[in-house]
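A look at the structure
Listed here are the chains, written in short residue letters.
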Amino acid sequence: MSEVKKTAPRGGGGGGWARFVTARPRLTLLVALVLTALAVLAGGGVADRMGSGGWEDPAAESTYATKALESRFPGSQPNVLLLVDAGAPGVDAPAAAAEARRLAERLDAEPGVDGVGSYWSTGSPALRSEDGRQGVIAARIAGEEKDAAAVLDRIAPAYRGTHGPVEVSLGGELAVRHEMQTVIQEDLLRAELIALPLTLVLLVMVFGSAVAALLPLGVGIVAILGTNAVLRGITEFTDVSVFAQNLTTALGLGLAIDYALFVVRRYREELAAGADTYAAVRTTLRTAGRTVLFSALTVAVSLAAMLVFPQYFLRSFAYAGIAVVLLAATAALTLLPAALVLLGDRVNALDLRRLLRRGRAPRAATAEAVRSGAAGSADEGSQREGSPRDGSSREGSPGDEGAGWGRAAALVMRRAPVFAVVTTTGLVLLGLPFLGVKFGTADDRQLPVTASSRVVQDQLRDGFPGSPGGGLTVLAEGEATPAQYAGYRERLAALDGVARVEGPVTAGRGSASFTVVPEGETVGADAQRVVGELRAAEAPFKTAVTGPAAVLVDSKDAIADRLPWAAGIIVLVTLLLVFLLTGSVVVPLQAVLLNALSLTAMFGAVVWVFQEGHLSGLLGFTSTGDIETTLPVLMFCVAFGLSMDYGVFLLSRIKEEYDATGDHEHSVRFGLRHTGGLITAAAVILAVVMVAIGTSRVTNTKMLGLGVALAVLMDAMVVRSLLVPSVMKLTGRLTWWAPGPLRRFHDRFGISETDAPAGPGAGDGTGAESDADTDAEGRAYSAAR
């Protein structure tokens, strides 16, 4: 029996969008080139406008107290510390003391600098090292983060270095954040230089053709440059975290490659089946194009859920993620088809794998054999089974390419209970370390040990009593007598876990501040408990508590309050979208549960590695004994979205075949056979990009890159390959069930890769089930058609 040859005319079906894209491909590419050039200009210098903070809740008590103290008591909230090292003579030596006082007076006269205080002016033991060799000058640079950083850039060279008998180094919160921003920009450039050539090599291995391999890279570069321009515009209205640029690079390359792989692969299948260039592009857009658009929507929804959180660190990733996903999909569905129209058969040019295929039939001969239908062998039957139902075939012996995945799916389904139980148990065990997670806040230890601001903070942490610049501050508002202030101070000093209380410092009759130094770590569990006790302490006036531990407590509360909303948005929209794709109420539930299960290894590894410190020497980071509060939320949204991306690719192909045949098990094998290699290749390429991001010297970026890389690989190689087919086998014909009203709703509004009517038994779960191996099934199915 011969295959049906596609003969769609150049102006034929495929939809208005396909006709629009293919009508003037050169104009489409020219417009895209102009827009990309404008994006380069618009997005230039975007990193300089970004911030390196954003972990605090703008509406929290600690944020209010910080702003009030900054205006009324700038000395109580120092963000710049000058570490003055006097060497052996000590900080009390006359020459060292005189020079330190001169530096403090000079700093106090700098525009934009307030609240200068020092050991030499206050005599505070917290500002003198225990060995007497070092002292601290503390100050506050006021203003927004970017303005304060500009002031720091201006004054730092004048103070850092040798001044007579003393050596001065700069530290403090502002210096740490500013250096972190610089390091992230340098690391991002290095990650791009690592990822781009490796990605190109992997794409050549996947496609063989150098021309085809360059197309996904082009889509990714357009998405990244466009997103930088979008972020540059957003910085005009709100704060954006510099960390978001890492997500832009990772998703820009990763998703663009995913979408381009899917589109180019389907286009080459259509060419190999005998379609002309225009018909192949239009069929590709009608089928794979719909899936790409649907997939992009599911990823964007997962990332958009971070908009419900008040911290601009998380919201920044939503801005970047939504922009890069939509731009990647737009480029894949606009620029890529236009390029394919112009390339035609030349998409297979420069086949760099030809040397590895000596002795095999040339690609053209294989494609001609498929078109002629001139073989009745088992190999040809298997080849046909590996084709779309309209007769198209993958380039260069697609049946051989996917036969291994089909046999693997058949094996998994024959032992479905074993694979389902063993895989689920293994994933749960990998996630158990996350039960012991401890949440903290980002500090200088995110930086490499050689970073100058990190060196200063290490010396302050190890050599000074208390926490210079890192204690808690209580803002008292309302008129009070000296006796009331004294009584309140005594109550605070009597609290368990408080090392000492300083103050009050008053500003007029209505405001005062107290500095409370907790015992132990600045943001440890004891310090967080002290925050609660300070807020509960009886006072004759209104109080507000701030400081690193208070910011952490408020951030954790904000995340806990908004997390159900974010999770609800992700789950509900995912259920709806997968229902629109499949018409089933069971498949969406499976998708949500299995996607969540695929993330367990990532979360377990995050705690085992980054919290507990295993492999810290190998990976080059300092474990702080906790995980920054916002990171698990970010990693969940990103990894869940990417898992749904791969899930949609697989489910769309299973659904397409099920609509044609009504055979449940055959459709699962067919779907995995056609997408298993594609999903694995895409996952490996995305993992390479994320690992390149994970080479960052900043711990949070390293955790994000390596954690998401692990989640992507686990999802593609374990969940999609083992868990999905075994679970779908266990649910059987129930997999496609939906009540009558929902089934009619899907018939009207649902999304499908095909416009063809459903085959016998499609949608009712009554298709015949077969346990034959994949090759035999392919022969029988091909003959039946």
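Scroll up for the structure.
The text that follows walks through the structure, step by step, so that each part is easy to find. The residue numbering used here restarts from 1 in each chain and proceeds along that chain's sequence as written. Two thresholds apply to this predicted model, a pLDDT of at least 70 for residue-level local features and 80 or more for giving and counting side-chain atom pairs, whereas whole-chain, interface and lining totals are computed over all residues. Excluding hydrogens and water, the side-chain values take into account all heavy atoms of the structure.

1. Brief notes about the overall build of the protein
Here is the rule we go by: Numbering goes from the N terminus for both helices and strands, where a helix is a DSSP run of H or I of at least four residues and a strand is a run of E of at least two. Exposure is judged per residue with a 1.4 Å probe applied to protein chains only, and the accessible area is read against the type maximum: over 50% gives exposed, under 20% gives buried, and values in between give partly exposed. Any two residues whose heavy atoms approach within 4.5 Å are treated as being in contact. The protein chains shown are the only cover counted for residues, whose accessible areas, like all others here, come from Shrake-Rupley with a 1.4 Å probe.
Tallying secondary structure elements over the protein gives 27 helices and eleven strands in all. Taking all 785 residues of the protein together, the buried fraction comes to 58%. Put simply, of all contacts in the protein between residues at least 6 apart along the chain, 81% involve residues at least 24 apart. For the protein, the accessible area works out to roughly 30100 Å², and carbon and sulfur atoms hold 62% of it.

2. What about the packing of helix 21 (residues 600–611) against helix 23 (residues 631–661)?
Quick reminder of the rule: What counts as an axis is a line fitted to C-alpha atoms, over the stretch in contact for a helix, and the angles between N-to-C directions run from 0 to 180 degrees. Any angle that falls under 35 degrees is termed roughly parallel, while one over 145 is termed roughly antiparallel, one within 65 to 115 roughly perpendicular, and all others oblique. For any pair of crossing helices, the crossing counts as left-handed if the nearer helix is rotated counterclockwise from the farther one by less than a right angle, and right-handed if it is rotated clockwise. For this classification, the nonpolar set comprises Ala, Val, Leu, Ile, Met, Phe, Trp, Tyr, Cys and Pro, the charged set comprises Asp, Glu, Lys and Arg, and every other residue, Gly included, is treated as polar.
Running from amino to carboxyl end, helix 21 crosses helix 23 at an angle of 150 degrees, the nearest separation of the two axes being 11 Å. On the basis of the axis angle, helix 21 is roughly antiparallel to helix 23. Of the two possible hands of crossing, helix 21 and helix 23 adopt the one that is right-handed. Here Met602, Phe603 and Val606 of helix 21 lie close against helix 23, whose contacting residues are Pro632, Met635, Phe636 and Ala639. Per-class residue counts for the contact of helix 21 with helix 23 are seven nonpolar, no polar and no charged.

3. Overview of the nonpolar core
The test is simple: What we call a nonpolar core is a set of buried Ala, Val, Leu, Ile, Met, Phe, Trp, Tyr and Cys residues that are connected through their side-chain atoms within 4.5 Å.
In terms of nonpolar packing, the biggest core is built from 155 residues, with Phe243, Tyr259, Val325 and Leu634 touching the most fellow members. By residue number, the principal contributor to this core is helix 11 (residues 312–343), which donates 18 residues. Ignoring any residue separated from it by four or fewer positions in sequence, one finds Tyr259 in contact with Val292, Ser295, Ala296, Val299, Val325, Ala328, Ala329, Ala332, Asp645 and Phe649. Leu83, Leu127, Ile137 and Tyr159 belong to the second largest nonpolar core, which has 37 residues in total.

4. Quick look at empty space enclosed by the protein
So the rule is basically this: Lining residues are those with an atom within 4 Å of a point, where the points come from a 1 Å grid over the protein atoms alone and group into cavities, where a 1.4 Å probe fits but cannot get out, or pockets, open sets with protein on both sides within 12 Å along at least five of seven lines. Grid points are joined across faces, edges and corners, and a volume is the space filled by probe spheres set on the points.
On inspection of all chains with the given rule, the structure shows eight cavities of 30 Å³ or more. Computed from the structure, the largest cavity encloses a volume of approximately 100 Å³. Lining the largest cavity are 16 residues, with Gln446, Thr624, Asp626, Thr699 and Asn700 sitting closest to its centre. No other element matches the three residues that helix 25 (residues 699–731) contributes to the lining of the largest cavity. Looking at the lining of the largest cavity, its residues break down into five nonpolar, seven polar and four charged. Lining the second largest cavity are Val587, Gln590, Ala591, Leu594, Gly647, Leu650, Leu651, Arg720, Val724 and Met728. Of all the secondary structure elements, the ones that give two or more residues to the lining of the second largest cavity are helix 20 (586–598), helix 23 and helix 25.

5. Description of the sheet that holds strand 10 (residues 542–546)
Formally: Pairing between two strands requires that DSSP report at least two bridges joining them.
The strand order across the open sheet built from four strands is 8-9-7-10, with neighbouring strands paired in antiparallel fashion. The open sheet has two free edges, formed respectively by strand 8 (498–507) and strand 10, since each of these has just one partner strand. Taking each pair of neighbouring strands and ignoring which way they run, the sheet shows an average axis angle of 20 degrees. Bridge analysis of strand 8 against strand 9 (residues 511–518) gives seven bridges, and the strand direction is antiparallel. By the bridge assignment for strand 9, Thr506 is matched with Ala512. Along the sheet face, helix 3 (residues 61–72) touches strand 7 (472–477), strand 8, strand 9 and strand 10 and points at about 100 degrees away from the line of strand 10. Contacts from helix 18 (residues 525–536) reach strand 7, strand 8, strand 9 and strand 10, with the element oriented near 10 degrees to strand 7.

6. Some details on the environment of Ala305
Looking at the element boundaries, Ala305 is found in the loop between helix 10 (277–304) and helix 11. Among the residues examined, Ala305 registers a relative accessible area of 0% and is labelled buried. Measuring from C-alpha to C-alpha, the distance between Ala305 and Leu634 comes to 9.8 Å, with 329 residues separating the pair along the chain. The contact partners of Ala305, leaving out residues within four places of it in the chain, are Ala566 and Ile570.

7. A look at the packing of aromatic side chains
Note the following rule: Only Phe, Tyr and Trp rings take part, Trp by its six-membered ring, and two of them pair if their centres are within 6.5 Å. Stacked means planes under 30 degrees apart, edge-to-face means over 60, and tilted covers everything else.
Enumeration over the complete set of coordinates arrives at 15 aromatic pairs. Between the aromatic rings of Phe434 and Phe603, the centroid separation amounts to 5.0 Å while the plane-to-plane angle is 45 degrees, which identifies the pairing as tilted. Of this pair, Phe434 sits in the loop between helix 15 (416–431) and strand 6 (439–440) while Phe603 is found in helix 21, placing the two residues 169 residues apart along the sequence. Ring geometry for Tyr488 against Phe514: centres 5.3 Å apart, planes inclined by 70 degrees, an arrangement best described as edge-to-face. Highlighted residues: Tyr488 in helix 17 (residues 482–493) and Phe514 in strand 9, separated in sequence by 26 residues. Tyr488 gets classed as buried once you look at its relative accessible area, which sits at 0%. Through pairs of rings, three or more aromatic residues link up here, namely Trp55, Phe243, Phe313 and Phe317.

8. As for the pattern of salt bridges
Put simply, the rule is: What counts as a salt bridge is simple: a side-chain nitrogen of Lys or Arg found within 4 Å of a carboxyl oxygen of Asp or Glu.
Per the counting criterion, the structure on display carries 33 salt bridges. Of the charged contacts, one joins Glu269 and Arg653 as a salt bridge, the two residues approaching to 3.4 Å between their closest N and O atoms. Linking Glu269 in helix 9 (residues 244–272) with Arg653 in helix 23, this pair joins segments that are 384 residues apart in sequence. A relative accessible area of 3% means that Arg653 is categorised as buried. One continuous salt-bridge network, built from bridges that share partners, spans Arg266, Glu269, Glu270, Arg653 and Glu656.

9. Remarks on a nonpolar patch on the surface
This is how the line gets drawn: To count toward a patch, a residue needs a relative accessible area over 30% and no salt bridge; like charges are then connected within 9 Å, while nonpolar side chains (Val, Leu, Ile, Met, Phe, Trp, Tyr) are connected within 5 Å.
A contiguous nonpolar surface patch, about 790 Å² in accessible area, is contributed by Leu27, Leu30, Val31, Leu33, Val34, Leu35, Leu38 and Leu41. A residue is classified by how much of its surface remains accessible, and Leu35, at 52% relative accessible area, is exposed.

10. Some words on the side chain of Asp554
Worth spelling out the cut-off: Pairs of N or O atoms are called polar contacts if they sit within 3.5 Å, as long as, within protein, a hydrogen donor faces a hydrogen acceptor (for residues adjacent in sequence, only side-chain-to-side-chain pairs).
Looking at the secondary structure, you find Asp554 in helix 19 (residues 548–582). For Asp554, a relative accessible area of 8% corresponds to the buried category. Within the local environment of Asp554, its side chain forms a polar contact with the side chain of Ser62, the two groups lying 2.7 Å apart.

11. Some points on the pairing of strand 7
Counting buried positions along strand 7 yields six of six residues, so the element is predominantly enclosed. Residues of strand 7 alternate between two faces, with Leu472, Val474 and Ala476 on one and Thr473, Leu475 and Glu477 on the opposite face, all of them buried. Where strand 7 and strand 9 come together, six bridges link them in antiparallel fashion. Each bridged residue has a counterpart across the sheet, and for Thr473 the counterpart in strand 9 is Thr515. Pairing of strand 7 with strand 10 involves five bridges; the strand directions are antiparallel. Paired with Val474 across the strands is Val545, a residue of strand 10.

12. As for helix 3
What counts here: In this scheme, a helix's expected span is set at 1.5 Å multiplied by one less than its residue total.
Taking 1.5 Å per residue, twelve residues should reach 16 Å; helix 3 reaches 16 Å between its end C-alpha atoms and fits that length. Residues Ser62, Thr63, Ala65, Thr66, Ala68 and Leu69 constitute the buried set of helix 3. Elements in contact with the buried residues of helix 3: strand 3 (134–141), strand 7, strand 9, helix 18, strand 10 and helix 19.

No statement about biological role is implied by the geometric values presented.
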